[in-house]
Amino acid sequence: MRQDKVDAVRPAGYTDDVVSESPRTFTQSPEGTAEHSFGDLMQLDSPRHGDNEATPPEIPKAKLEEFEGNREGVSVTSPAGQPVEYFVQQALAAHPSIRAARQRVAAELDRIPQVTALPDPQFNNTFWPFHDYATQTAAGRIANQMSLQQGVPFPDKLRAKGAIVSREAQMAQAEVERIERQITESVRLAYYEIWYASRAIQIIEETRDLVDDLTKVAEARYRAGGTQQDVLRAQLETDRLDDQLVQLQRQKEVSQADLASLLQQPTSLLAEATYELGIADAPMQLDALIAQAEQCNPSLRGLAAEIARDREKQRLACLQRFPDFMVGLNWGIVSDGHDVISPVANGNDNLSITFGTTLPIWREKINAGVREAGRRTGSTMQRLEAERDEIYGRLRRLLVQADSFVEQTNIYEERLIPRTEDTLKLAIADYRGERTDFFALIETYRELLMFEIQLARINASLAGTIAQIDRTVGCPY
């Protein structure tokens, strides 16, 4: 990990509307690209033989130089290969888990106008089916009486309920982002496994051509009086490579099936990776990543919204100490056609206005609600601290792992592979000059093949670690 100086980053608070940019990255310099070609190892003059000896065939230079294509900086994209961002976009657009989470956000937003509206008014109609049993007044009997009542909560109660639902919508949105980050990581990991299997298959196939040519050399040496053991060892090496190809092809098809399921595509879809892995982005320093995670991580943002929701619930619980109100309008229809007792009665209908209030006298119940809301707030705050500690620990572990992979990459590219190539060059020269046996040549070749495949494995693992860091930080791409 480079220790470049970075600007001090102040840990951000949980403002609901702030989403920071993704972490800055540094670019690995291409200076460490190997200069040697595996094909160059074989460009030595063949040993001179007597007139009665068969001359071993020369190994074609074009075939040998194919093996080194992976370290010469040549970008070769498979016709069906696509960059990882292509598959990520497809998964984010089609995955049902993401669509379901977005529907939950929309459902929470639809709750806001419901909880902030006044309660439904009440309409009552009282009538007397028998005239003689209706209420008697001096102006006549009241045959029908109607009332309309409307409840009015104490001010700020409706606003508190709306704020609670708004925070729950933010929690649902944080869940959408968490699922998106999870799906993104899964797609990237599957893609990198496809890339590794494809790269290893390419290395082995190129190496298999070289082994075939070495087999021809051993066969020519055998016809010239050499040992048959060299031919058998070369044929055995070809069989071993074929076995590795079968295992890698199976591993690739499994990863392709995993990627197809994430893309909601048939498992018969055989996605291909590009030749270039694209791991130029490596994580920044720990402090900067922690500051980014404070602002971007969906889990932290969701818990921060949950704390704000619990505080609004606590405020609503405190507002229960204040009464709610009710206003009403009553209308009584007076039947003044007969049975009028007072000669001066005007027979006008009765009209009245009522006003009522609740009596919040059960203080123990109200106080218990306040204590409950406070304890729930405290519980959520502790969960936030626990989640923060877990994220910080995960980032530290992933950064150590990424540092290790970067250092291993440098060791393989700058030391192990070049030195093994030099050793193999000497082994080939000694074998041509009959100063060593075929076993030593094959052992050196196996080491180089192992280092090449291991380097591909390290690159894929580094890319997967960066994908895990991106998910842990949580910033959008």
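Structural notes, computed from the coordinates. (Residues numbered from 1 in each chain as written. Predicted model: local features only at pLDDT ≥ 70, side-chain atom pairs only at ≥ 80, totals over all residues. Heavy atoms only, no water.)

Notes on the overall build of the protein
And then number 1: The number of helices and strands found in the protein is 10 helices and nine strands.
And then number 2: Out of the 477 residues in the protein, the part that is buried amounts to 41%.
And then number 3: If you take every contact in the protein between residues at least 6 apart in sequence, the share linking residues at least 24 apart comes to 85%.
And then number 4: Within the structure as shown, the protein displays about 25800 Å² of accessible surface, and the carbon and sulfur contribution to it stands at 52%. (Helix = DSSP H or I, 4+ residues; strand = E, 2+ residues; numbered from the N terminus. Buried < 20%, exposed > 50% of the residue type's maximum accessible area, 1.4 Å probe, protein only. Contact = heavy atoms within 4.5 Å. Areas by Shrake-Rupley, 256 points an atom, 1.4 Å probe, with all protein chains shown as cover.)

Examining the environment of Glu-276
And then number 1: Here Glu-276 shows up in the loop between strand S6 (272-273) and strand S7 (281-282).
And then number 2: Through-space distance from the C-alpha of Glu-276 to that of Trp-195 is 8.8 Å; in sequence the pair is 81 residues apart.

So, the side chain of Asp-310
And then number 1: With respect to the helices, strands and loops of the structure, Asp-310 is situated in helix H8 (residues 298-319).
And then number 2: In contact with Asp-310, other than residues within four places in its own chain, are Ala-373, Arg-376, Thr-377 and Thr-380.

Details of the nonpolar core
And then number 1: One finds Val-187, Tyr-196, Leu-259, Leu-395, Phe-438, Leu-441 and Ile-469 to be the most contacted residues of the largest nonpolar core, which totals 79 residues.
And then number 2: Those elements that provide at least two residues to this core are helix H3 (84-94), helix H4 (96-115), helix H5 (157-223), helix H6 (228-262), helix H7 (286-296), H8, helix H9 (363-432) and helix H10 (438-473).
And then number 3: In this view, Phe-438 contacts Leu-214, Ala-218, Asp-230, Arg-233, Ala-234 and Tyr-431; residues no more than four positions away in its chain are not counted. (Core = buried A, V, L, I, M, F, W, Y, C linked by side-chain atoms within 4.5 Å.)

Comments concerning H4
And then number 1: The end-to-end C-alpha distance of H4 is 29 Å, a good match for the 28 Å that 20 residues give at a rise of 1.5 Å each.
And then number 2: Among the residues making up H4, those that are buried are Ile-98, Ala-101 and Val-105. Each buried residue of H4 sits inside an arc of 65° when the element is viewed along its axis, so together they form one side. Away from its buried face by more than 90 degrees, H4 exposes Gln-103, Pro-113 and Gln-114.
And then number 3: Elements in contact with the buried residues of H4: H3 and H5. (Expected span 1.5 Å × (residues − 1). Arc of directions from axis to C-beta.)

Describing a nonpolar patch on the surface
And then number 1: A cluster of nonpolar residues, Phe-123, Leu-148, Leu-329, Trp-331, Leu-351 and Ile-353, forms a patch on the protein surface that exposes about 670 Å² of accessible area.
And then number 2: Within the residue set of the nonpolar patch, elements represented by two or more residues are strand S8 (325-335) and strand S9 (350-357).
And then number 3: On the secondary structure map, Ile-353 appears in strand S9.
And then number 4: The exposed category is assigned to Ile-353, whose relative accessible area is 72%. (Patch = residues over 30% accessible without salt bridge, like charges linked within 9 Å, V, L, I, M, F, W, Y side chains within 5 Å. Salt bridge = Lys/Arg side-chain N within 4 Å of Asp/Glu carboxyl O.)

Comments concerning unusual backbone geometry
And then number 1: You will see that Asp-156, though not glycine, has its phi angle at about 85°, which is positive.
And then number 2: Here Asp-156 lies in the loop between strand S5 (140-152) and H5.
And then number 3: The class for Asp-156 is partly exposed, based on a relative accessible area of 28%.
And then number 4: Its identity is not glycine, yet Gln-264 carries a phi of approximately 55°, on the positive side.
And then number 5: With respect to the helices, strands and loops of the structure, Gln-264 is situated in the loop between H6 and S6.
And then number 6: Its relative accessible area of 42% is what places Gln-264 among the partly exposed residues.

Observations regarding the packing of aromatic side chains
The relation between two aromatic rings is expressed through the spacing of the ring centres and the mutual angle of the planes.
And then number 1: Counted under the stated rule, the structure contains seven aromatic pairs.
And then number 2: Where Phe-154 meets Phe-325, the ring centres are 6.5 Å apart and the plane angle is 35°; that geometry is what we call tilted. Highlighted residues: Phe-154 in the loop between S5 and H5 and Phe-325 in strand S8, separated in sequence by 171 residues.
And then number 3: Residue class for Phe-154 comes out partly exposed when judged on its relative accessible area of 22%.
And then number 4: Summarising the aromatic geometry, the rings of Tyr-191 and Tyr-192 are spaced 6.0 Å apart at their centres and angled 75° between planes, so their arrangement reads as edge-to-face. Of the two residues, Tyr-191 and Tyr-192, both sit in the buried class.
And then number 5: Ring pairing ties together the aromatic residues Tyr-86, Phe-87, Tyr-191 and Tyr-192, which thus form one cluster. (Phe/Tyr/Trp six-rings, centres within 6.5 Å; stacked < 30°, edge-to-face > 60°.)

A closer look at the packing of H5 against H6
And then number 1: Remark: H5 packs on H6, axes separated minimally by 8 Å, with the N-to-C direction vectors making an angle of 165°. Relative to H6, H5 is oriented roughly antiparallel. Helix-helix and strand crossings are classified by hand; for H5 and H6 the assignment is left-handed.
And then number 2: Split by residue class, the contact of H5 with H6 holds 18 nonpolar, 12 polar and 10 charged. (Axes fitted to C-alpha atoms, helices over the stretch in contact; angles between N-to-C directions. Parallel < 35°, antiparallel > 145°, perpendicular 65-115°, else oblique. Left-handed = near helix turned anticlockwise from the far one by under 90°. Nonpolar A, V, L, I, M, F, W, Y, C, P; charged D, E, K, R; others polar.)

Quick look at the packing of H5 against H10
And then number 1: H10 packs onto H5 with a crossing angle of 170° between their chain directions and a minimal axis gap of 9 Å. Taken together, the axis directions place H5 and H10 in an arrangement best described as roughly antiparallel.
And then number 2: Among the residues forming the contact of H5 with H10, the class breakdown is 20 nonpolar, five polar and 10 charged.

Notes on H3
And then number 1: Burial in H3 covers these residues: Val-84, Phe-87, Val-88, Ala-91 and Leu-92. Looking straight down H3, one finds its buried side chains confined to an arc of 135°; they lie on one side. For H3, the exposed residues set more than 90 degrees away from the buried face come down to Gln-89 and Ala-93.
And then number 2: Where H3 is buried, its residues contact strand S2 (81-82), H4, H5, H6 and S6.

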